[in-house]
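Listed here are the chains, written in short residue letters.
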Amino acid sequence: MSGSIIRKRFSQGAEIFHEGELGSCAYVIESGSVEISTRRGGSKVVLAQRGPNEIFGEMAIVDDKPRSATVTAVEDCELLVLSKAQLQQRIDNLDPVLKMVLGVILDRFRESLRSMHSETRSPTDVISAVDPQMQIKAYKAAINRIELEQSLRVAVEDHQLELFFQPLVGGRDGRLRGFEALSRWRHPERGLVSPAIFIEAAEESGLIFKLTEWALHSACAALKRIEKTPLFYDDFTISVNVSAHELSEPAFINIVTEAVQRTGVNPKNLTLEITESALMKNPDATLEVLEDLKSLGFSLSIDDFGTGYSSLSYLKRYPVHAIKIDRSFIVDLERDPRCVDIIRALVGLGHDLGLNVVCEGIETRTQYDKLLELGCDALQGYLIGKPMPLDDALARMCAPAVCEVC
Ligand code: CMP
Ligand code: MG
């Protein structure tokens, strides 16, 4: 992906690259110095000199345009090469607003360079002219994101967010074992906004903490009502999804305990679902947080299991109660016999580690039967029930709806 670090040496007077070339890397000067120049009306104009710990050649990498200037070693140089791949990956992960700002700054800078060439426009200027379609796209994406973040800020206070509850049933007895709480946002103009869109915006803007705090309080308040229904029992749980950002936040434990204490529910009836990839981002720190959560009595489950490259040595040490096999294996179960083999192996692994194995995304009777045969402990999916408003979930806890399978 990003590869190892490469160094290059250039002798005094050597041209490192020429204006107008396509760039494949940027450079950090470790020793020596370089001169950055351009040609104006046939003669050389020195734009800058750069020395140790300074970077050059970054522009062509950031906006994929030809080199804006020529760079020459003014003394022997040792340069650290930052490959396009190493930088591109980071640029791709940038928040769209920052990406747009970066693009605008570079465009303005290029514009001022072009004005230096006003008398003699070189072919490079034409090539490096801003692509208006791309610019419009970048602007739209950025404005969209800013609007989304602003309206998400008011959504929590304005009660536009709502939790829906998707049922989980036991594998052996088909008994209702719990609900996964899923956030829904009824935007006054946009209508229902998919969590896939607003969770990403919330994570990037830091609003995710507010959102999870709201989700935890709402889930606990719902649990308090569900506790009073006839089908509630000791091991019944409501699960709430927690992101990698939150796990690394020291205040997270306080937010969860506060939600439980304020509503007076038993932490054991609250499951925190954490994705496998989130756990693996910082496995040692995560292990500590999970141990604290477990000692406070919470139930823990690894979500999207099978997609996050879990280290088995960590899996053995994680104090979790369940793994939730990723839906991608279930979707392909009927078509691809290898999915059956993978699920069988994951169920075996989970059971050997003393964990409950949950499967989600079940939509057909064939999938349901196969997963029962493979020994899944709990099942979730449209076949069993779609995510529903709290009132419907409460009704189901009083007189279970007759569905095909439970
Ligand atoms: P890039 O366009 O990839 O290649 C030439 C590099 O020279 C450019 O990235 C910048 O790093 C640098 N550069 C261009 N113009 C200037 C300037 N006016 N002052 C300092 N550095 C410059
Ligand atoms: Mg989940």
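Data block above holds the structure.
Overview of the structure.

Cut-offs and rules
- Residues numbered from 1 in each chain as written.
- Chains lettered and ligands numbered in written order.
- Predicted model: local features only at pLDDT ≥ 70, side-chain atom pairs only at ≥ 80, totals over all residues.
- Heavy atoms only, no water.
- Helix = DSSP H or I, 4+ residues; strand = E, 2+ residues; numbered from the N terminus.
- Rg over C-alpha atoms; globule rule 2.2 N^0.38 Å.
- Buried < 20%, exposed > 50% of the residue type's maximum accessible area, 1.4 Å probe, protein only.
- Contact = heavy atoms within 4.5 Å.
- Areas by Shrake-Rupley, 256 points an atom, 1.4 Å probe, with all protein chains shown as cover.
- Lys, Arg positive; Asp, Glu negative; His and termini not counted.
- Charge placed at Lys NZ, Arg CZ, Asp CG, Glu CD.
- Near = heavy atom within 4 Å.
- Polar contact = N/O pair within 3.5 Å; in protein donor to acceptor, adjacent residues only side chain to side chain.
- Nonpolar A, V, L, I, M, F, W, Y, C, P; charged D, E, K, R; others polar.
- Pairing = 2+ DSSP bridges.
- Donors = N, O, S within 2.8 Å, 3.2 Å for Na, K, Ca; no water.
- Arc of directions from axis to C-beta.
- Expected span 1.5 Å × (residues − 1).

**Comments concerning the overall build of the protein**
- If you tally the helices and strands in the protein, you get 16 helices and 17 strands.
- Since a compact globule built from 406 residues should have a radius of gyration of about 22 Å, the 28 Å found for the protein marks it as more spread out than a globular shape.
- When the backbone C-alpha atoms are referred to their principal axes, the protein occupies close to 90 × 45 × 45 Å.
- Burial status across the protein gives 49% buried among its 406 residues.
- Sequence-distant contacts in the protein: of pairs separated by 6 or more residues, those separated by 24 or more amount to 70%.
- With an accessible surface of roughly 20400 Å², the protein has 53% of that area assigned to carbon and sulfur atoms.
- For the protein, the distance from the average site of its 45 positive side-chain charges to the average site of its 59 negative ones is 2 Å.

**Things to note about the site of ligand 1**
- Near ligand 1 there are 14 residues, and of these G57, E58, A60, R67 and S68 occur at the shortest range.
- The contact in question runs from an oxygen atom of ligand 1 to an N or O atom on the backbone of G57, over 2.9 Å.
- Contacts to ligand 1 include S68, whose side-chain N or O atom sits 2.7 Å from an oxygen atom.
- Compared with its free state, where it exposes 460 Å², ligand 1 has 90% of that area covered by protein.
- Broken down by element, the shell around ligand 1 gets its largest block of residues, three residues, from strand β5 (residues 43–50).
- The residue inventory of the shell around ligand 1, partitioned by class, reads nine nonpolar, two polar and three charged.

**Focus on the pairing of strand β13 (residues 270–275)**
- Across the six residues of β13, five count as buried, placing the element largely inside the fold.
- In terms of strand pairing, strand β12 (residues 237–242) meets β13 through five bridges, oriented parallel. Of the residues in β13, the one forming a bridge with S239 is T271.
- Sheet topology note: the β13/strand β14 (residues 299–305) ladder contains five bridges and is parallel. The partner of T275 across the bridge, within β14, is D303.

**Topic: the coordination of the magnesium ion (ligand 2)**
- Protein-derived coordination of the magnesium ion (ligand 2) comes from E180 (OE), N241 (OD1), E273 (OE) and D303 (OD), at a distance range of 2.2 to 2.4 Å.
- For the magnesium ion (ligand 2), the donor residues sit on a single chain with the sequence spacing E-x60-N-x31-E-x29-D. Of this pair, E180 sits in strand β10 (residues 176–187) while N241 sits in strand β12, and the two are 61 residues apart along the sequence.
- For N241, a relative accessible area of 28% gives the class partly exposed.

**Describing helix α16 (residues 390–398)**
- Along α16, the residues classified as buried are L390, A393, L394, R396 and M397. Taken down its axis, α16 places every buried residue within 160 degrees of arc, on the same side.

**Focus: helix α14 (residues 337–352)**
- Relative to the 22 Å expected for 16 residues at 1.5 Å per residue, α14 spans 23 Å between its end C-alpha atoms, a close match to the ideal helical length.
- Those residues of α14 not exposed but buried are C339, V340, I343, L346, V347 and G350. Within α14, the buried residues cover an arc of 130 degrees as seen down the axis, which keeps them to one side. Opposite the buried face of α14, at more than 90 degrees from it, the exposed residues are P337, R338 and D352.
- Close packing links the buried residues of α14 with β14, β15 (322–325), α13 (327–331), β16 (356–359) and α15 (365–373).
- Looking at the residues trailing α14, positive phi occurs at G354, about 75 degrees.

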